[in-house]
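Next come the chains, spelled out residue by residue.
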Amino acid sequence: MPTIDAETLERTTRDIFAARQVPPADAALIARMLVRANLRGHDSHGVIRIPQYCAALAAGTMNPRPDITTVLETPVIAVLDGDRGFGQVVARRGMELAIAKAQAHGLAAVALRRTNHIGRLADWAEMAAAQGLIGMLWANAKGGLNVAPWGGAGRRLGTNPHAIAVPGPGGAVAMSHDFATSVWAEGKLRVKFNRGEAAPPGVMLDGHGQPSTDPRQYYTEPPGSLLTAGNHKGYGMSLAVEILAGILSGTGAASAEPSVFANGTLMICLDPARFVPIAEFQAQVDALFEFVRATPLAAGAKEVLRGHRDRGRDVAPDPAVPAWRRREGLRADALGRETHPGDAGGAASGAPSPAASTVRSVILAAGRRGSDSQGLPGRR
């Protein structure tokens, strides 16, 4: 399988978006976040999303130059209107505001509406943790329903993730969790689709409500659906996310109403130093992890994780990016393929995709050259 080094991939990704009227600084941010997801092993939220974003730009449902405005604001609360901009751009603005408010007042809640796919929620929670705050996020998927409710067989909810990051000493992240309320995020199934691989049992239903391990049966008509994590538990959490992130943000909760895709988002930051001296807080967090990890291992287990599942075999300058990923490069099948599901942001489609085909060919060509990507389609 061909591989592409991370620097070339990030540079090419940046140029693809800059060619589509995205401001250079924003294009660089989006590229950095997508490639970081690949480097951390989350191909579901990496450059596989480029065709989806390009298709949304072409369709006019994503604004390359949004005018992000404040809908309402108090000392500890704000609601931002993202003007249908890139989710990464809007989320950065929202988290910057939440951090400033929490540093001043001890806590803050910022909601985002009219915002496209914001990527990995952990990136924004960890942004707060790096500033000594506990960061928490929830996001729904208005216009991108793909999860069956517990006991149901049709798409009624989004994957509706939750994230939390806890600060450690010196700007380190002591713990970071980011997971969907479905068994899998849709992007993980998309990766399996691209690789022509089966999904494990218990992840999805086909369009007739039958258990399936074939991702093609998810991206077809009638469309399949993902299952909730922990049966009724994930279902209950998903409903809570619809309320917290969808309704409170003004994005709206899941419904039969036709809608373009939007990640309604709620961000909360807490300053632990307002509750307990920070040194004591950090010592108790470390003691908790050590106590839990000291348990005897279950049969077949190699370790009890500290709280960062991303932390791998070899630590790189980004402490959650294993160095072997940078050395070995990223697999080409993380880029998508000519038949690409859901380019426009949630549609169930396995039809040939010009966006996916073009992006894949451009990035692979740049990888072969090992230089920047001139002559990108759509460059102006």
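Everything below is about the structure printed above this text.
Procedures and definitions
- Residues numbered from 1 in each chain as written.
- Predicted model: local features only at pLDDT ≥ 70, side-chain atom pairs only at ≥ 80, totals over all residues.
- Heavy atoms only, no water.
- Helix = DSSP H or I, 4+ residues; strand = E, 2+ residues; numbered from the N terminus.
- Expected span 1.5 Å × (residues − 1).
- Buried < 20%, exposed > 50% of the residue type's maximum accessible area, 1.4 Å probe, protein only.
- Salt bridge = Lys/Arg side-chain N within 4 Å of Asp/Glu carboxyl O.
- Axes fitted to C-alpha atoms, helices over the stretch in contact; angles between N-to-C directions.
- Parallel < 35°, antiparallel > 145°, perpendicular 65-115°, else oblique.
- Left-handed = near helix turned anticlockwise from the far one by under 90°.
- Contact = heavy atoms within 4.5 Å.
- Nonpolar A, V, L, I, M, F, W, Y, C, P; charged D, E, K, R; others polar.
- Pairing = 2+ DSSP bridges.
- Phe/Tyr/Trp six-rings, centres within 6.5 Å; stacked < 30°, edge-to-face > 60°.

Some details on helix 4 (residues 87–105)
- With 19 residues, helix 4 should cover 27 Å at 1.5 Å per step; its first-to-last C-alpha distance of 26 Å lies within 8% of that length.
- Taken together, the buried positions of helix 4 are G87, Q88, V89, V90, A91, G94, M95, A98, I99, K101 and A102.
- In the segment just after helix 4, G106 is the residue with positive phi, at about 95°.

As for helix 3 (residues 50–59)
- Judged by how many residues are buried, helix 3 sits mostly within the fold: 8 of 10 residues are covered.
- Every buried residue of helix 3 is listed here: I50, P51, Q52, Y53, C54, A55, A56 and L57.
- Phi for G60, located one or two positions after helix 3, is positive at around 80°.

Some thoughts on the pattern of salt bridges
- If you walk through the whole model with that rule in mind, you get 15 salt bridges.
- Residue E303 pairs with R293 through a salt bridge whose shortest N-O separation is 3.7 Å. Taken as a pair, E303 in the loop between helix 8 (278–293) and helix 9 (323–328) and R293 in helix 8 lie far apart in primary sequence, 10 residues in all.
- Within this structure, R36, R120 and D123 form a network of salt bridges that share partners.

Section: the packing of helix 4 against helix 5 (residues 121–129)
- Put simply, helix 4 and helix 5 touch, their axes get as near as 10 Å, and they point 25° apart. When the interaxial angle is binned, helix 4 and helix 5 end up roughly parallel. Regarding helix 4 and helix 5, the two cross each other, and that crossing is right-handed. Counting all contacts with helix 4, which are made through Q88, A91, R92, M95, E96 and I99, the residues of helix 5 involved are W124, M127 and A128.
- Among the residues forming the contact of helix 4 with helix 5, the class breakdown is 6 nonpolar, 1 polar and 2 charged.

Looking at the sheet that holds strand 9 (residues 211–212)
- Spatially, 9-8-10 is the arrangement adopted by the 3 strands of the open sheet, whose pairing is antiparallel. Among the strands making up the open sheet, the edge pair consists of strand 9 and strand 10 (225–226).
- Sheet analysis places strand 8 (residues 204–205) next to strand 10, joined by 2 bridges and oriented antiparallel. By the bridge assignment, L205 is partnered in strand 10 with S225.

Observations concerning the pairing of strand 11 (residues 265–270)
- Taken together, the 6 bridges between strand 4 (residues 107–115) and strand 11 define a ladder with antiparallel strand orientation. Each residue of the ladder has a partner; that of V110, found in strand 11, is M267.
- Sheet analysis places strand 5 (residues 134–139) next to strand 11, joined by 6 bridges and oriented antiparallel. When the bridges of strand 11 are listed, I134 appears paired with L270.

Overview of the sheet that holds strand 3 (residues 77–85)
- Strands sit in the order 2-3-4-11-5-6-7 across an open sheet of 7 strands; the sheet is mixed. The open sheet has two edge strands with one neighbour each: strand 2 (69–73) and strand 7 (173–179). Along the sheet, successive strands turn relative to each other by an average axial angle of 15°, direction set aside.
- Pairing between strand 6 (residues 162–167) and strand 7: 6 bridges, direction antiparallel. When the sheet's bridge partners are listed, P167 is paired in strand 7 with V173.
- Helix 4 contacts strand 2, strand 3, strand 4, strand 5 and strand 11 of the sheet and is inclined by roughly 165° relative to strand 4.
- Sheet strands in contact with helix 8 are strand 5, strand 6 and strand 7, and its direction is about 115° off that of strand 6.

Considerations on the packing of aromatic side chains
- One pass over the full model with this rule turns up 5 aromatic pairs.
- Measuring from ring centre to ring centre gives 5.3 Å for F17 and F86, while their planes differ by 75°; the resulting arrangement is edge-to-face. With a gap of 69 residues between them, F17 in helix 1 (residues 6–18) and F86 in the loop between strand 3 and helix 4 connect regions that are remote in the sequence. No difference in accessibility class separates F17 from F86, as the two residues are buried.
- Ring centres of F193 and Y219 lie 5.2 Å apart, and the angle between their planes is 75°; on these two criteria the pair is classed as edge-to-face. Within this pair, whereas F193 is found in helix 6 (residues 186–195), its partner Y219 is found in the loop between strand 9 and strand 10, the two being separated by 26 residues in sequence. Both residues of the pair, F193 and Y219, belong to the buried class.
- Within the aromatic cluster, the residues linked to one another by ring pairs are F17, Y53 and F86.

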